[in-house]
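What follows is each chain in one-letter form.
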There are 2 protein chains.
Amino acid sequence: MRNIKVTIEYDGTGYHGFQNQNNPALPTVQGVMEELLSGLSGEQATIIGASRTDAGVHARGQVFNFRTNWTIPVDKLPLATNSGGIPPDIVVRAAAEVPLDFHAQFDATAKTYTYTIYNARIPSAFHHRYAYFVPQRLRVESMAEALKGVVGTHDFAAFKAVGSTVKSNTRTIFESGLEQQGPLIIIKLRGNGFLYNMVRIIAGTVLEVGKGKLKPEDIPEIIASGNRIMAGPTAPPQGLCLEYIEYPD
Amino acid sequence: MRNIKVTIEYDGTGYHGFQNQNNPALPTVQGVMEELLSGLSGEQATIIGASRTDAGVHARGQVFNFRTNWTIPVDKLPLATNSGGIPPDIVVRAAAEVPLDFHAQFDATAKTYTYTIYNARIPSAFHHRYAYFVPQRLRVESMAEALKGVVGTHDFAAFKAVGSTVKSNTRTIFESGLEQQGPLIIIKLRGNGFLYNMVRIIAGTVLEVGKGKLKPEDIPEIIASGNRIMAGPTAPPQGLCLEYIEYPD
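Definitions and cut-offs
- Residues numbered from 1 in each chain as written.
- Chains lettered and ligands numbered in written order.
- Predicted model: local features only at pLDDT ≥ 70, side-chain atom pairs only at ≥ 80, totals over all residues.
- Heavy atoms only, no water.
- Helix = DSSP H or I, 4+ residues; strand = E, 2+ residues; numbered from the N terminus.
- Rg over C-alpha atoms; globule rule 2.2 N^0.38 Å.
- Buried < 20%, exposed > 50% of the residue type's maximum accessible area, 1.4 Å probe, protein only.
- Contact = heavy atoms within 4.5 Å.
- Areas by Shrake-Rupley, 256 points an atom, 1.4 Å probe, with all protein chains shown as cover.
- Lys, Arg positive; Asp, Glu negative; His and termini not counted.
- Charge placed at Lys NZ, Arg CZ, Asp CG, Glu CD.
- Domains from an automatic or database assignment.
- Salt bridge = Lys/Arg side-chain N within 4 Å of Asp/Glu carboxyl O.
- Polar contact = N/O pair within 3.5 Å; in protein donor to acceptor, adjacent residues only side chain to side chain.
- Nonpolar A, V, L, I, M, F, W, Y, C, P; charged D, E, K, R; others polar.
- Least-squares fit on C-alpha atoms with pLDDT ≥ 70 in both.
- 1 Å grid on protein atoms, 1.4 Å probe; cavity = no way out; pocket = protein on both sides within 12 Å on 5 of 7 lines; lining within 4 Å.
- Points joined across faces, edges and corners; volume = space filled by probe spheres on them.
- Buried area = accessible area lost by both parts, 1.4 Å probe.
- Expected span 1.5 Å × (residues − 1).
- Axes fitted to C-alpha atoms, helices over the stretch in contact; angles between N-to-C directions.
- Parallel < 35°, antiparallel > 145°, perpendicular 65-115°, else oblique.
- Left-handed = near helix turned anticlockwise from the far one by under 90°.

## Structural notes on the overall build of chain A
Item 1. Each helix and strand in chain A was counted, giving 5 helices and 10 strands.
Item 2. The C-alpha radius of gyration of chain A comes to 19 Å, within 12% of the 18 Å expected for a compact globule of 249 residues.
Item 3. The dimensions of chain A, computed from C-alpha atoms along their principal axes, are 55 × 40 × 35 Å.
Item 4. The proportion of buried residues among the 249 residues of chain A is 53%.
Item 5. For chain A, the proportion of contacts with a sequence separation of at least 24, taken over those separated by at least 6, is 71%.
Item 6. As displayed, chain A offers around 11,400 Å² of accessible surface, 50% of which is attributable to carbon and sulfur atoms.
Item 7. If the 23 positive side-chain charges of chain A are averaged to one point and the 23 negative ones to another, these points end up 5 Å apart.

Quick look at the structure:
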């Protein structure tokens with residue numbers, strides 16, 4: 001028995017999220033990978049994902065692990081899977097053998113997400129799957145300023161989807177940033193973990209700052225309020241991308 | 001009655017090409033635009049496209065014209081169509097009123113196409129719709145050199161899909177170029193017109209040069225042969241994009 005860590009990239013447009021759904025007819029990234037690995041290895045594969053990305057959310061560096069008796073050399077696994085009947089919107093980027101007790105979700109020390117906005121007068125046929133189209137003129141400097149306000153260790157209850165329950169709402173955001181590439185505005189957040197919908201609510205709140213409806217200095221007050229209603233709307237899923245996940249060593 | 005020239009962008013992945021098919025159940029860009037414009041204008045719209053892009057081929061600057069009694073100001077047409085129930089993989093970029101005798105296909109003086117190759121060891125979940133994945137190491141300098149060989153006025157019979165009949169196989173390629181952007185190799189061709197599949201056959205032939213199966217100096221001989229069998233295979237549709245179309249003035 002060994003434990004294999006796999007890094008995958010996917011275009012989430014066609015999936016009902018990473019994680020298997022109660023309705024097995026709904027395609028998920030986990031479902032595709034488990035079926036593929038089961039077929040190739042000849043034994044039922046159960047994968048443990050690091051992050052439960054939602055329907056329509058993308059990943060450049062999602063990580064999962066699975067325990068198997070499959071004897072494939074790990075350096076052959078990406079090619080074997082990528083040419084083994086995987087749909088083209090999922091790609092295996094890397095694989096490594098890890099200690100048997102490695103757990104992709106619990107061992108993660110940091111996750112980095114981006115949220116991409118397509119800011120132009122006219123939408124784009126090529127970016128609509130990967131970015132949130134916002135035609136209004138945005139105060140980009142204010143958005144960058146607002147993003148500084150989320151850095152640090154805070155109770156992020158105000159930035160958590162209503163109805164989601166976890167033991168603690170405290171998370172640490174190590175760094176935040178904003179980059180412009182032509183019409184694209186890319187928000188970047190690196191933290192030790194994120195509450196349900198937290199990145200999308202931060203993006204939606206920062207967009208309210210961009211539109212002038214909130215000010216950068218409102219962010220600390222919103223955090224302090226612990227009140228979801230004070231933050232902006234949840235930005236739609238297609239702008240979100242799980243970039244990479246960090247582990248010890 | 002007036003004549004309106006419209007510039008559109010589309011992700012061709014979900015369409016059976018630009019032009020309406022014999023089977024009306026097959027979605028086409030023309031079909032979508034005619035239905036949309038008919039609904040908005042209240043009269044049956046018939047559009048004349050500049051280029052018949054194939055299934056899976058994209059466009060950043062396809063042009064069509066249509067005659068109509070619709071009184072909408074042309075500067076309002078892009079917003080009216082883009083928010084009027086158009087699918088997100090088609091975007092109206094611009095509209096202009098043109099003389100009644102303007103014909104999007106016959107009046108075009110130049111067309112520019114790109115063909116994009118994704119050259120890396122591992123495929124990309126995000127580029128697979130828009131680029132042809134080629135994992136082999138490519139001789140990019142030789143490909144750029146080969147592309148110079150197609151410039152000029154030639155009989156391009158060797159670069160024409162078998163079975164396609166036109167009055168003349170003579171076309172002029174004004175310029176060719178090759179650009180690298182990380183793993184992307186972008187071939188660019190600007191000409192007064194292209195035979196059926198011509199850009200994709202040129203791309204396929206240039207790829208044979210990249211793989212060392214042909215040499216740049218073979219291109220003039222292939223052109224001179226007039227024999228389709230001498231050129232490389234037809235590169236797949238997803239790498240092709242109609243960039244823009246030029247008209248007098």
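After presenting the structure, the write-up continues.
## Comments concerning the domain arrangement of chain A
Residue and element names in this part refer to chain A.
Item 1. Assigned domains within chain A: domain 1 (2-98) and domain 2 (110-246).
Item 2. Put simply, domain 1 and domain 2 have 3 salt bridges between them.
Item 3. With a closest N to O distance of 2.9 Å, Arg60 and Glu243 form a salt bridge.
Item 4. On inspection of domain 1 and its partner domain 2, the count reaches 14 residue pairs in polar contact (both at pLDDT 80 or more).
Item 5. Taken together, the residues of the side of domain 1 that touches domain 2 sort by class into 5 nonpolar, 7 polar and 3 charged.

## Focus: the relation of the copies chain A and chain B
Item 1. At an RMSD of 0.0 Å, chain A and chain B line up after a rotation of 180 degrees and a shift of 0.0 Å along the axis. Such a turn and shift between the copies fits a two-fold axis. Proximity to the rotation axis, assessed at the C-alpha, singles out Phe126(A) in chain A; its C-alpha lies 5.3 Å from the axis.
Item 2. A shared interface surface links the copies, since 100% of the contact residues of chain A are contact residues in chain B too.

## Quick look at the pattern of salt bridges
Residue and element names in this part refer to chain A.
Item 1. Under the defined criterion, the tally for this structure stands at 16 salt bridges over all chains.
Item 2. The salt bridge partner of Arg190 is Glu175, with a shortest N-O separation of 3.1 Å. Highlighted residues: Arg190 in strand E9 (residues 184-191) and Glu175 in strand E8 (residues 170-181), separated in sequence by 15 residues.
Item 3. We classify Arg190 as partly exposed; its relative accessible area is 21%.
Item 4. Beyond isolated ion pairs, a larger network of salt bridges with shared partners links Glu175, Arg190 and Glu246.

## Considerations on the layout of surface pockets
To find leftover empty space, a probe the size of one water molecule is rolled over the atoms.
Item 1. Taken as a whole, the largest pocket spans an internal volume of roughly 1,200 Å³.
Item 2. His127(A), Leu184(A), Phe126(B), His127(B) and Leu184(B) are the residues nearest the centre of the largest pocket, which is lined by 45 residues in total.
Item 3. Residue classes in the lining of the largest pocket are distributed as 17 nonpolar, 17 polar and 11 charged.

## Some thoughts on the interface of chain A and chain B
Item 1. Taken together, the contact pairs 21 residues of chain A with 21 residues of chain B.
Item 2. Buried area between chain A and chain B, both sides added, is near 1,700 Å², and the carbon and sulfur share of it is 65%.
Item 3. The largest contributions to the chain A side of the interface with chain B come from Ile122(A), Ala125(A) and Phe126(A), which together make up 36% of the buried area.
Item 4. Applying the counting criterion to the chain A and chain B interface returns 2 residue pairs in polar contact (both at pLDDT 80 or more).
Item 5. For the side of chain A that touches chain B, the secondary structure elements donating two or more residues are strand E1 (2-10), strand E3 (58-68) and strand E4 (90-98) of chain A.
Item 6. The element contributing the most residues to the side of chain A that touches chain B is E4(A), with 4 residues.
Item 7. Partitioning the side of chain A that touches chain B into residue classes produces 11 nonpolar, 4 polar and 6 charged.

## Some words on helix H1 (residues 29-41) of chain B
Residue and element names in this part refer to chain B.
Item 1. Over its 13 residues, H1 runs 18 Å from end to end, which matches the ideal 18 Å to within 8%, given 1.5 Å per residue.
Item 2. If you check which residues of H1 are buried, you get Val29, Gln30, Val32, Met33, Glu34, Leu36, Leu37, Ser38 and Ser41.
Item 3. Immediately beyond the C-terminal end of H1, within one or two residues, lies Gly42, with a positive phi of roughly 80 degrees.

## Overview of the packing of helix H3 (residues 140-148) of chain B against helix H4 (residues 198-210) of chain B
Residue and element names in this part refer to chain B.
Item 1. In the contact formed by H3 and H4, the axes pass within 8 Å of each other and the chain directions differ by 140 degrees. Relative to H4, H3 is oriented oblique. Judged by the twist between their axes, the crossing of H3 over H4 is right-handed. Touching Ser142, Met143, Ala146 and Leu147 of H3 are Ile202, Val206, Leu207, Val209 and Gly210, all from H4.
Item 2. Within the contact of H3 with H4, the residues separate by chemical class into 7 nonpolar, 2 polar and no charged.

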